[in-house]
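Architecture at a glance
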Amino acid sequence: MAEKRNIFLIGPMGAGKSTIGRHLAEQLHMEFFDSDHEIERRSGADISWVFDVEGEEGFRIREEKVIGDLSEQQGIVLATGGGAIKSRETRNKLSARGIVVYLETTIEKQLARTQRDKRRPLLQTEEPPREVLERLAQERNALYEEVADFVIHTDDQSAKVVANQIVKLIGM
């Protein structure tokens, strides 16, 4: 039997990467990882603490290492952090080591899905959340598209429906 390919989920915060990733992994009988949770596990601290102490740059170094390590495995589903694609090295590893699915969503859905979430350091600033999300979209959307094998819009669909779409798209 052929080895299962890795599936990497990319996209902005609030796109549903973790929730959809869990459904997808369950459906395909693959192991699921979330790069943010793995960073927390390895560092023994939550993402907010890492951001506070090491800044975004320190966090991105940890993220690049974690994604590099995880992407060397076979047959996993990996939900990446929204900014993981800022690293050219990470983009190259994701492209080379699996199928990359960009989960696209609108700023409105991101606002709705993240409004009560205090675990998102980039939204814990004086800058209004809409402005932060719009700036991040401007910086990152082209990078998501550059690395994606498939793009799926997640706004009006349940995580299960999106997971089913991914399974059909990738033919697994």
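Residues numbered from 1 in each chain as written. Predicted model: local features only at pLDDT ≥ 70, side-chain atom pairs only at ≥ 80, totals over all residues. Heavy atoms only, no water.

1. A short note on helix 2 (residues 35-43)
Going by this rule: Residue exposure (1.4 Å probe, protein chains only): buried if accessible area is under 20% of the type maximum, exposed if over 50%, otherwise partly exposed. For helices the rule is a DSSP run of H or I covering at least 4 residues; for strands it is a run of E covering at least 2, with both sets numbered from the N terminus onward. The contact definition used throughout considers only heavy atoms, calling two residues in contact when any of these lie within 4.5 Å. N or O atoms closer than or at 3.5 Å make up a polar contact, with two conditions inside protein: a donor-capable atom paired with an acceptor-capable one, and, for residues adjacent in sequence, both atoms drawn from side chains.
Looking only at helix 2, the buried set comprises Ser35, Glu38, Ile39 and Glu40. In this structure, the buried side of helix 2 is in contact with strand 2 (31-34), helix 3 (47-70) and strand 3 (76-79). For helix 2, the capping residue at the N-terminal end is Asp34, with a side-chain oxygen 2.9 Å from the backbone nitrogen of Asp36. After helix 2 finishes, the residue Gly44 shows a positive phi value of roughly 75 degrees.

2. Thoughts on the side chain of Glu38
By the secondary structure assignment, Glu38 is in helix 2. Looking at Glu38, its side chain comes within polar contact range of the side chain of Arg41, at 2.6 Å. Discounting chain neighbours no more than four positions away, the residues touching Glu38 are Phe33, Val66 and Leu70.

3. What about unusual backbone geometry?
At His29, a residue that is not glycine, the phi angle is positive and equals roughly 55 degrees. In this fold, His29 is placed in the loop between helix 1 (17-28) and strand 2. Among the residues examined, His29 registers a relative accessible area of 69% and is labelled exposed.

4. Structural notes on the UniProt feature "binding site: substrate" (unreviewed entry) in the chain
Short version of the rule: UniProt positions are given in the numbering used here, feature names are shortened, and annotations may be inferred rather than shown by experiment. A cavity, in this analysis, means grid points on a 1 Å lattice covering only the protein atoms where a 1.4 Å probe fits yet has no way out; a pocket is instead an open set bounded by protein on both sides within 12 Å along at least five of seven lines, and a residue lines either one if it has an atom within 4 Å of a point.
As recorded in UniProt, the feature "binding site: substrate" (unreviewed entry) lies at Asp36, Arg60, Gly82 and Arg140. Lining of the largest cavity among the annotated residues: Arg140. Take Asp36: it is sitting in helix 2. Not counting residues within four places of it along the chain, the set of residues in contact with Asp36 comprises Ile47, Phe59, Glu63 and Gly81. Of note, Arg140 is situated in helix 6 (residues 129-147).

5. Some points on the pattern of salt bridges
We count it as follows: Here, a salt bridge means any side-chain nitrogen of Lys or Arg that lies within 4 Å of a carboxyl oxygen of Asp or Glu.
Inspection of every chain in the model, using the stated rule, returns 14 salt bridges. A salt bridge links Arg42 to Glu38; the nearest nitrogen and oxygen atoms lie 3.1 Å apart. Of this pair, Arg42 and Glu38 both sit in helix 2, four residues apart, roughly one helical turn. Relative accessible area serves as the criterion here: at 38%, Arg42 is assigned to the partly exposed category. In this structure, Glu54 engages Arg62 in a salt bridge whose closest nitrogen and oxygen atoms are separated by 2.6 Å.

6. Digging into helix 6
Heads up, the condition is: In a helix, the anticipated span is given by 1.5 Å times the number of residues less one. A residue's bend is the angle separating two fitted axes: one through the seven residues that end there, the other through the seven that start there.
An ideal rise of 1.5 Å per residue puts 27 Å on 19 residues; helix 6 measures up with 26 Å between its terminal C-alpha atoms. Of all the bends found along helix 6, the most pronounced is centred on Arg140 and spans about 40 degrees. The complete set of buried residues in helix 6 reads Val132, Leu133, Leu136, Ala137, Arg140, Leu143, Tyr144 and Val147. At its buried positions, helix 6 is contacted by strand 1 (6-10), helix 3, helix 4 (88-97), strand 4 (98-104) and helix 5 (107-114).

7. A look at the pairing of strand 3
For clarity, the threshold we go by: We call two strands paired when DSSP finds no fewer than two bridges between them.
In strand 3, alternate side chains face the same way, and those of Ile76 and Leu78 on one face and Val77 and Ala79 on the other are all buried. In the sheet, strand 1 pairs with strand 3 via three bridges, with the strands oriented parallel. When the sheet's bridge partners are listed, Ile7 is paired in strand 3 with Val77. In terms of strand pairing, strand 2 meets strand 3 through four bridges, oriented parallel. Note on strand 3: the bridge partner recorded for Asp34 is Ala79.

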